[in-house]
Amino acid sequence: MKALIYHGPGQRSWDEVPDPVIVDPTDAVVRIDSSTICGTDLHILKGDVPEVKPGTILGHEAVGTVTAVGAAVTTLAEGDRVLVSCISSCGRCRFCKEARYGLCTGGGGWVFGHLIDGLQAEYARVPFADTSVYKVPDELSDEQVLFLADILPTAFECGVLNGRVEPGDTVAIVGAGPIGLAAIMTAKLFTPGKIVAIDLADARLDKALEFGADVVINNGREDALARVLELTDGLGADVAIEAVGVADTFEMCTRLVRPGGHVANVGVHGKPAMLHLEDLWTRNVTITTGLVDTWSTPTLLKLLRTGQLAPQKFITHRFALDRVIDAYDVFSRAGDTGALKILLHK
Ligand SMILES: NC(=O)c1ccc[n+]([C@@H]2O[C@H](COP(=O)([O-])OP(=O)(O)OC[C@H]3O[C@@H](n4cnc5c(N)ncnc54)[C@H](O)[C@@H]3O)[C@@H](O)[C@H]2O)c1
Ligand SMILES: [Zn+2]
Ligand SMILES: [Zn+2]
């Protein structure tokens, strides 16, 4: 088969490699029908994720069709359409039993395109298949389901639910990339009073309005704190969601939040951020962090079926899987190309 192989920082190619096979009896092999590229894949290519070994197949989001199952797999059969999520679950460790699959200590967690071969390939070996993949209902298309592999559960769990968004709340979302936009989309499930999107890029703020933000602030030109205070009678946002991953925006979130409010960090930080406890200690603020667990995926699937979520609007570009190198080029120049999510199809 062909697959996108990471060869070390800055180097990747679409190569012929051996077809994946069942290794453990709990494995399945899945033909990849749709996949996509994540900002994290760009971090890997920059060399920011050193545990990814040269020779690894990249990618951690896919919808596919089961082509083989191991002897111990009981809930899947050849021909089943499945969502293969960025998080796998061994189903047995303490954390999997608590539905905190992102913390799995039994060989699951974020493994695809990280610790084992990933999903930007024609086929993939899927470990712990029974406890890790989701059968796709017939009436849902790949395009509807694909973003439940990563951005939707991430923004929903680490942003909206950790941030405890409630009806009527003012929700400030810093960063309007795919994650920030998915936070807007899933925050709306709770009928907040106002969603305020903050970003440096006007094009991303236009997207934020399209996705349902009520107010947008370009913090390169405007004082975001002053605007948010103005919108909230001087109190601050009930919830501030950090969806960038740099110190400045985390610190901004801790200033934007009202006393007693919630700061939900979603961004992946490569550098330390300052925690201003000298200002925060009297403000009874709750700060949460988190790698996505994907425990909410069944809920999100239900919302797709009832038409309450329509994440296919994240797709800005489409490429056949064998043009994945061109797709990376478009995705990595999002500022010029306007890319949000790219559909890689068979
Ligand atoms: N916690 C998790 O499990 C998890 C999972 C997936 C992704 N993430 C992380 O979420 C973050 C967002 O992901 P994404 O794919 O949307 O990234 P992205 O790079 O596409 O979007 C980031 C946005 O932030 C904006 N931005 C950059 N600097 C800014 C600043 N100083 N002020 C305001 N806006 C600024 C950019 O213009 C861009 O629109 C990343 O750090 C990513 O690694 C976390
Ligand atoms: Zn990802
Ligand atoms: Zn586990």
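Located above this text is the structure these notes cover.
As the structure is a prediction and not an experimental result, all values here were calculated from the model.

## Describing a nonpolar patch on the surface
Taken together, Leu275, Leu277 and Ile287 make up a surface patch of nonpolar side chains, about 250 Å² in accessible area. Checked against the element boundaries, Ile287 lands in strand E13 (residues 286–288). For Ile287, a relative accessible area of 34% corresponds to the partly exposed category.

## What about the pattern of salt bridges?
Throughout the structure, instances matching the rule amount to 18 salt bridges. Glu98 is the salt-bridge partner of Arg94, the closest N and O atoms lying 3.3 Å from each other. Judged by relative accessible area, Arg94 falls into the exposed class, the value being 55%. A salt bridge links Glu143 to Arg318; the nearest nitrogen and oxygen atoms lie 2.6 Å apart. Here Arg318 lies in strand E14 (residues 315–320) and Glu143 lies in helix H4 (residues 142–145), a separation of 175 residues in the sequence. Its relative accessible area of 26% is what places Glu143 among the partly exposed residues.

## Some words on a negative patch on the surface
On the surface, a cluster of negative charge is contributed by Glu16, Asp19, Glu122 and Asp322. Along the polypeptide, Glu122 turns up in the loop between helix H2 (94–97) and strand E6 (123–126).

## Focus on the coordination of the zinc ion (ligand 3)
Bound to the zinc ion (ligand 3) are the protein donor atoms Cys90 (SG), Cys93 (SG), Cys96 (SG) and Cys104 (SG), situated 2.3 to 2.4 Å from the metal. Between consecutive donors of the zinc ion (ligand 3), the numbers of intervening residues give the motif C-x2-C-x2-C-x7-C. Like Cys96, Cys90 is buried.

## What about the site of ligand 1?
Residues in contact with ligand 1 amount to 22 residues; listed here are only the nearest, Ile179, Asp199, Arg204, Val244 and Gly290. One nitrogen or oxygen atom from the side chain of Asp199 is found 2.6 Å from an oxygen atom belonging to ligand 1. Relative to its unbound accessible area of 870 Å², ligand 1 is 80% covered by the protein chains.

## A short note on the side chain of Asp33
Within the secondary structure layout, Asp33 lies in strand E3 (residues 28–35). A polar atom in the side chain of Asp33 sits 2.8 Å from the side chain of Arg31. If we skip the residues at most four places from it in the chain, Asp33 touches Val63, Gly64, Thr65, Asp142, Leu344, His345 and Lys346.

Calculation criteria
Every chain's residues receive numbers from 1 upward, in the order its sequence appears when written. The order in which chains are written sets their letters, starting at A; the order in which ligands are written sets their numbers, starting at 1. Where totals are concerned, whole chains, interfaces and linings use all residues; where local detail is concerned, this predicted model gives features only for residues with pLDDT of at least 70, and gives and counts side-chain atom pairs only at 80 or more. Think of the side-chain values as coming from all heavy atoms in the structure, minus any hydrogens and water. Within this analysis, patches are made of residues with over 30% relative accessible area and no salt bridge. Like charges are joined at 9 Å or less; nonpolar side chains (Val, Leu, Ile, Met, Phe, Trp, Tyr) at 5 Å or less. Only the protein chains shown count as cover for residues, and all accessible areas are computed by the Shrake-Rupley method using a 1.4 Å probe. Here a salt bridge means any side-chain nitrogen of Lys or Arg lying within 4 Å of a carboxyl oxygen belonging to Asp or Glu. Each helix corresponds to a stretch of at least 4 residues labelled H or I by DSSP, and each strand to a stretch of at least 2 residues labelled E; elements are numbered beginning at the N terminus. A simple rule labels every residue: compare its accessible area, found with a 1.4 Å probe on the protein chains alone, to the largest value its type can have, and call it buried under 20%, exposed over 50%, or partly exposed in between. When charges are counted, neither His nor the chain ends are considered; positive counts come from Lys and Arg and negative counts from Asp and Glu. Each charge is placed at NZ for Lys, CZ for Arg, CG for Asp and CD for Glu. The donor set comprises N, O and S atoms within 2.8 Å of the metal, extended to 3.2 Å for Na, K and Ca; water molecules are omitted, so apparent gaps in a site may simply reflect that omission. The criterion for a residue being near a molecule or strand is simple. One of its heavy atoms has to lie within 4 Å of it. Contacts described as polar in this section are N or O atom pairs within 3.5 Å, which, within protein, must combine one atom able to donate a hydrogen with one able to accept it, while residues neighboring in sequence count only if both atoms come from side chains. The contact criterion used is simple: two residues touch if any of their non-hydrogen atoms lie within 4.5 Å.

What is shown is where atoms sit, not what they do.
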